[in-house]
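What follows is the residue order along each chain.
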Protein chains: 2
Amino acid sequence: MEQVNVGIIGFGTVGAGTVDNLLTNKEIIANRVGCNIVVKKIADLDLETDRGVSVPREMFTTDASELIKDSEIDIVVELMGGLGKAKEFIIAALKNGKHVVTANKALLAEHGKEIYETAEKNNVSICFEASVGGGIPVIRSLREGLSSNRIRTIMGILNGTSNYILTKMTQEGISYNQAVKEAIDLGYAEDPPDLDMDGTDAAHKLAILISLSFGTPISFDSIYREGINCLTPDDITFAKELGYCLKLLAVAKNKGDGRLEARVHPAMVSQDHIMANVHDAFNAIFIEGDFAGPTLYYGYGAGRNPTGSAVVSDIISIARHMVHDRNAPLVPPLAHTDSDKDIISIQPIDELKIPYYFRFSAVDKPGVLSKIAGVLGDNNISVSSVIQKGREVNGPVPIVMLTHEALESDVKNAMILLNRLDVLIDKTMVIRVVEEA
Amino acid sequence: MEQVNVGIIGFGTVGAGTVDNLLTNKEIIANRVGCNIVVKKIADLDLETDRGVSVPREMFTTDASELIKDSEIDIVVELMGGLGKAKEFIIAALKNGKHVVTANKALLAEHGKEIYETAEKNNVSICFEASVGGGIPVIRSLREGLSSNRIRTIMGILNGTSNYILTKMTQEGISYNQAVKEAIDLGYAEDPPDLDMDGTDAAHKLAILISLSFGTPISFDSIYREGINCLTPDDITFAKELGYCLKLLAVAKNKGDGRLEARVHPAMVSQDHIMANVHDAFNAIFIEGDFAGPTLYYGYGAGRNPTGSAVVSDIISIARHMVHDRNAPLVPPLAHTDSDKDIISIQPIDELKIPYYFRFSAVDKPGVLSKIAGVLGDNNISVSSVIQKGREVNGPVPIVMLTHEALESDVKNAMILLNRLDVLIDKTMVIRVVEEA
């Protein structure tokens, strides 16, 4: 099997997530790509901090140029961030014929054109899935999934920290300052969290999406920016009353007259909109194309593993491209069968274990509730909440129960016994409840 | 510029959307791919119905085998649907060395393994982005965006028609039968709509996602299926009261013990969940990977243009792959700049025209409302709703107004005048309102 060698500059949070992903899923990745992906060198000035990933000491260097010059390294991954040294390293790597993967949104937003052109001139790939939306494959969706579309509108919740603050203010009714203080104490926000709160970080990401969607490179400074620090609990309460919620939105819209709206500011979003349920540190990007119509991409916008996942997806794309001959099919369809042998069979529905909703139609007599609850209890089904409504004139009394997790086979057995109860008039309705994430 | 030739079998709704997209965005597609994509032949038995796309008569044939045998055609696009002839054509095209793009979910769900293996054996690509989730690039996200992940859970709203029915039942309190009748009358549902309502269509799509996510090919029949026809308005009302809404969910979950949950059934979903705001005919697919964490993909699950967009994205991927040498960079970063020259500049924020939210802190005196409304009216800002709360003891009275669309520069001018009003005590808050899609 062929081998593709990777060098990583910057072994902080995202660097560690990247290496962890490459090591943990080494085998399935090799099967999916058709080659081994090997981390050959890691450059970082800090060789002491434990990053929670076990890597042999001799793999480390404090000299990034060492891996840029290494003729065996195919892909250089820049995860140090910032505008100075990072740019220097990326340009040097591209000029040296290395493919580059980066998560550096500020650099791409401010110097993207120069970097893209250097890659093109040197006939190598520059990939940056991790630069926008963390673990969400939004760059790929724009470049490939929506490749036949003229993009009309982009609306993004692109900064997880500010979305977390807004969620706390909304759910707990606390002030901006209180929410920020809590977020800093919990390590969710930097101290001070200015670039997250004033819209700069979201604008960096918007600039990258704009450069992919609308072709024309724009100056980062021409994006209008307004932060969330002026918002008060009052506004959140009134928004709710009016059927809205508050989000920090990054918006780019083709006006059709040669001009583009490009702006980041707090916005009221209808509670019915799919973006309204983007809570906590999640990100979401709404993209409307002329043929695809409205689409949305949602997930963790930051964090060690999600961002690592995005970086590795870029490494895999480049490796696939390097390894497969141009006549080989696109992503061999069954290539990863072997790697997922851990699935042997489909679980029978009887063994499903989730919460259930029951709706009973009962006669209005004493003891009904206890008879029903008795049958459920006998079948290991434990009730978490009950709604009983007043009866209609001469009609049956509806009783609704939500249960804790129960086994589908127990529910079936209970239903047989419940159907025999003479206190139940109509058919009992059972619906499975989905609780998770 | 090189040229890639496409033959299309089936010129119904999706076929017309595909050809329309290829023609309408011909130039930007050529720029993005680096070659011209040309529709060379279209096969359909019905040559009479007007599909709303202007195609020269001589391009049509009633004999699909003609384009399968055509040595100039590189990519065969199968959009006729069904299990019989479609399978025959796809297998013949693959064996004849053609790349194949298809939207045929039933065929892939039931005979995917044979088709994938035939493609692999003949060293050609088989692409099927349009088979799941219409215009949503979910297949690509699974294959590429999440390529470094072990997939843990998939939860999809995969059938737009049943989601439309559930939305109507929820919003209008009507019965299942009434909602179905309305949907059929409006042309949103087939008559009878059985495959949509009984979970078969969603299960076909789930089978495809499972084959990509968990490697092991599964038998379509082993997916548990339950439809939505038993649901009543009562259940929807109780669900709401309990903080849930009702969705037809397709679920696949790796249990970690070698077994997979694979099931389609109505489910209660928390109103706070991102899936709860998937209304009408929209689809959404929630995918959790071990590194990326939870992600979600949302958009139109069906329809002429969205499905056409997905088909064309596959044609583009294959064409890019055919045209570029293996040493060429992945999707040249600036390749499509030229095609979007219609963007010339960023629109100044002053020319933004959207609705606004104002919150005033006023003294509790007669005439305040008219003074505020007067300033707004003088600046072409028209109010759509007002909330005025009772004042706190000695405190200011909060007055909230939502406006119709107004110009940002008018809002700025109004703010200057409002700040001079002595009836307003605190700073006035202004927030932009996002109304669309």
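Residues numbered from 1 in each chain as written. Chains lettered and ligands numbered in written order. Predicted model: local features only at pLDDT ≥ 70, side-chain atom pairs only at ≥ 80, totals over all residues. Heavy atoms only, no water.

Student: Would you take a moment to explain the overall build of chain A for this structure?
Tutor: The helix and strand tally for chain A stands at 14 helices and 19 strands. Expressed along its principal axes, the backbone C-alpha trace of chain A runs to roughly 85 × 55 × 50 Å. Buried positions account for 61% of the 437 residues belonging to chain A. Working note: accessible area of chain A is about 16,400 Å², and carbon and sulfur atoms make up 48% of it. (Helix = DSSP H or I, 4+ residues; strand = E, 2+ residues; numbered from the N terminus. Buried < 20%, exposed > 50% of the residue type's maximum accessible area, 1.4 Å probe, protein only. Areas by Shrake-Rupley, 256 points an atom, 1.4 Å probe, with all protein chains shown as cover.)

Student: Help me understand the interface of chain A and chain B in this model?
Tutor: Interfaces are often sized by the amount of accessible area the parts lose when they come together. Facing the 142 residues of chain A at the interface are 142 residues of chain B. Carbon and sulfur atoms supply 57% of the area buried between chain A and chain B, which totals about 13,000 Å² over both sides. Inspection of the chain A/chain B interface yields six salt bridges. Between Arg-432 of chain B and Glu-226 of chain A there is a salt bridge, and its shortest N-O distance comes to 3.1 Å. At the boundary of chain A and chain B, one finds 40 residue pairs in polar contact (both at pLDDT 80 or more). Broken down by class, the residue content of the side of chain A that touches chain B amounts to 68 nonpolar, 43 polar and 31 charged. For strand E12 (residues 293-300) of chain A and strand E12 (residues 293-300) of chain B, the ladder comprises five bridges, and the chain directions are antiparallel. Across the sheet, residue Gly-299 of chain A finds its bridge partner in E12 of chain B, namely Thr-295 of chain B. (Contact = heavy atoms within 4.5 Å. Buried area = accessible area lost by both parts, 1.4 Å probe. Salt bridge = Lys/Arg side-chain N within 4 Å of Asp/Glu carboxyl O. Polar contact = N/O pair within 3.5 Å; in protein donor to acceptor, adjacent residues only side chain to side chain. Nonpolar A, V, L, I, M, F, W, Y, C, P; charged D, E, K, R; others polar. Pairing = 2+ DSSP bridges.)

Student: What should I look at first to understand helix H12 (residues 304-323) of chain B in this one?
Tutor: Working note: α-helix, 3.6 residues per turn, so residues spaced by three or four point in the same direction. Taking 1.5 Å of rise per residue, the 20 residues of H12 of chain B would be expected to cover 28 Å, and the 28 Å separating its terminal C-alpha atoms lies within 8% of that figure. Of all 20 residues making up H12 of chain B, 18 are buried, and the element is well covered by its neighbours. (Expected span 1.5 Å × (residues − 1).)

Student: Help me understand the packing of aromatic side chains, please; the structure alone is not making it clear to me.
Tutor: Each aromatic ring pair is specified by the distance between its two centres and by the angle formed by the two planes. Residue and element names in this part refer to chain A. Going through the model one piece at a time under the given rule, you end up with 13 aromatic pairs over all chains. Taken together, a centroid distance of 5.5 Å and an interplanar angle of 25 degrees make the contact between Tyr-116 and Phe-128 stacked. On the criterion of sequence distance, the pair formed by Tyr-116 in helix H5 (residues 105-121) and Phe-128 in the loop between strand E6 (126-127) and helix H6 (138-145) is long-range, its members being twelve residues apart. Centroid distance Phe-282 to Tyr-300: 4.5 Å. Interplanar angle 15 degrees. Geometry classified as stacked. In this pair, Phe-282 sits in strand E11 (residues 282-289) while Tyr-300 sits in strand E12, placing the two residues 18 residues apart along the sequence. For Tyr-300, a relative accessible area of 32% translates into the label partly exposed. An aromatic cluster is built from Phe-282, Tyr-298 and Tyr-300, whose rings are joined through pairwise contacts. (Phe/Tyr/Trp six-rings, centres within 6.5 Å; stacked < 30°, edge-to-face > 60°.)

Student: What is the right way to read the relation of the copies chain A and chain B from this model?
Tutor: Note that the two copies of the chain are related through a rotation about an axis and a translation along the same axis. By a simple turn and slide, chain A fits onto chain B: the slide is 0.0 Å along the axis, the RMSD is 0.0 Å, and the turn is 180 degrees. Such a turn and shift between the copies fits a two-fold axis. Taken as a fraction of all interface residues of chain A, those also at the interface in chain B reach 100%, which identifies the copy contact as same-surface. (Least-squares fit on C-alpha atoms with pLDDT ≥ 70 in both.)

Student: Hey, could you run me through the environment of Asn-104 of chain A in this one?
Tutor: All names here are of chain A. Tracing the chain through its elements places Asn-104 in the loop between strand E5 (99-102) and H5. As for Asn-104 and Asp-221, which are separated by 117 residues in sequence, their C-alpha atoms are 17 Å apart. If we skip the residues at most four places from it in the chain, Asn-104 touches Glu-78, Gly-81, Gly-82, Ala-86 and Ser-131.

Student: Would you take a moment to explain the domain arrangement of chain A for this structure?
Tutor: In terms of domain boundaries, chain A breaks down into domain 1 (2-135 + 305-340), domain 2 (138-300) and domain 3 (349-432). The C-alpha centroid of domain 3 of chain A is placed 44 Å from the C-alpha centroid of domain 2 of chain A. (Domains from an automatic or database assignment.)

Student: It is not clear to me how the pattern of salt bridges should be interpreted in this structure. Could you clarify?
Tutor: Close approach of charged atoms allows side chains with opposite charge to pair. All names here are of chain A. Per the stated rule, a full pass over the model turns up 48 salt bridges over all chains. Asp-201 is paired through a salt bridge with Lys-205; the nearest N and O atoms lie 2.7 Å apart. Remark: Lys-205 and Asp-201 occur in helix H10 (residues 200-213); sequence separation between them is four residues, near one turn of the helix. Given a relative accessible area of 8%, Asp-201 falls into the buried group. Among the ionic contacts, a cluster of salt bridges with common partners joins Lys-40, Lys-41, Glu-66, Asp-70 and Glu-72.

Student: Which parts of the structure should I look at to understand the pairing of strand E11 (residues 282-289) of chain B?
Tutor: Consecutive residues of a regular strand have side chains that alternate between opposite faces of the sheet. Residue and element names in this part refer to chain B. With seven of eight residues buried, E11 is to be regarded as a mostly interior element. Relative to E11, strand E7 (residues 151-157) is paired through six bridges, and the arrangement is antiparallel. Looking at the pairing, Gly-156 lines up with Ile-285 of E11. Hairpin connection of E11 to E12: three residues between the antiparallel strands.

Student: Looking at this model, I keep getting lost on unusual backbone geometry. Mind explaining?
Tutor: Working note: non-glycine residues mostly have negative phi, and peptide bonds are mostly trans. All names here are of chain A. Here Asp-191 and Pro-192 are connected by a cis peptide whose omega angle stands at 0 degrees. Turning to its location among the elements, Pro-192 is positioned in the loop between helix H8 (176-185) and helix H9 (194-197). Positive phi, normally seen in glycine, also occurs at Asp-280, with a value near 50 degrees. Note on placement: Asp-280 falls in the loop between strand E10 (259-270) and E11.

Student: Would you take a moment to explain the nonpolar core for this structure?
Tutor: Looking at soluble globular proteins, one finds that nonpolar side chains tend to be buried together. Grouped together as the largest cluster of nonpolar side chains are 166 residues, with contacts concentrated most on Ile-223, Met-268 and Tyr-357 of chain A together with Ile-223, Met-268 and Tyr-357 of chain B. Once residues within four sequence positions are removed from consideration, Ile-223 of chain A is found in contact with Ala-203, Leu-206, Ala-207, Ile-210, Ile-218, Ala-262, Arg-263 and Val-264 of chain A. In terms of nonpolar packing, the next biggest core, distinct from the first, is built from 34 residues, Met-275 and Phe-286 of chain A together with Ile-274 and Tyr-298 of chain B among them. (Core = buried A, V, L, I, M, F, W, Y, C linked by side-chain atoms within 4.5 Å.)

Student: Sorry if this is basic, but what is going on with the sheet that holds strand E3 (residues 60-61) of chain A here?
Tutor: The strands that make up a sheet are held in pairs by hydrogen bonds between backbone atoms, and each pair lies either parallel or antiparallel. Residue and element names in this part refer to chain A. Spatial strand order, E3-E2-E1-E4-E5-E6: six strands in an open sheet with parallel pairing. Here the strands that pair on one side only, and so sit at the sheet edges, are E3 and E6. Pairing between strand E1 (residues 2-9) and strand E4 (residues 75-78): four bridges, direction parallel. Within E4, the position partnered with Gly-7 by the bridge is Val-76.

Student: Help me understand the packing of helix H6 (residues 138-145) of chain B against helix H10 (residues 200-213) of chain B, please; the structure alone is not making it clear to me.
Tutor: When two helices pack together, their arrangement is captured by the angle between the axes and the distance separating the axes. Residues and elements named next belong to chain B. Where H6 meets H10, the axes come as close as 10 Å, and the angle between the chain directions of the two elements is 10 degrees. By the angle class used here, H6 and H10 are roughly parallel. Between H6 and H10, the residues in contact are Val-138, Ile-139, Leu-142 and Arg-143 and Ile-208, Leu-209, Leu-212 and Ser-213, respectively. Grouping the constituent residues of the contact of H6 with H10 by class yields six nonpolar, one polar and one charged. (Axes fitted to C-alpha atoms, helices over the stretch in contact; angles between N-to-C directions. Parallel < 35°, antiparallel > 145°, perpendicular 65-115°, else oblique.)

Student: So what exactly am I meant to see when it comes to helix H4 (residues 85-95) of chain A here?
Tutor: All names here are of chain A. Here H4 has its buried residues at Ala-86, Lys-87, Phe-89, Ile-90, Ile-91, Ala-93 and Leu-94. Taken together, the buried residues of H4 touch E1, helix H3 (64-69), E4, E5 and H5. Positive phi appears at Gly-97, one or two residues downstream of H4, with a value of about 80 degrees.

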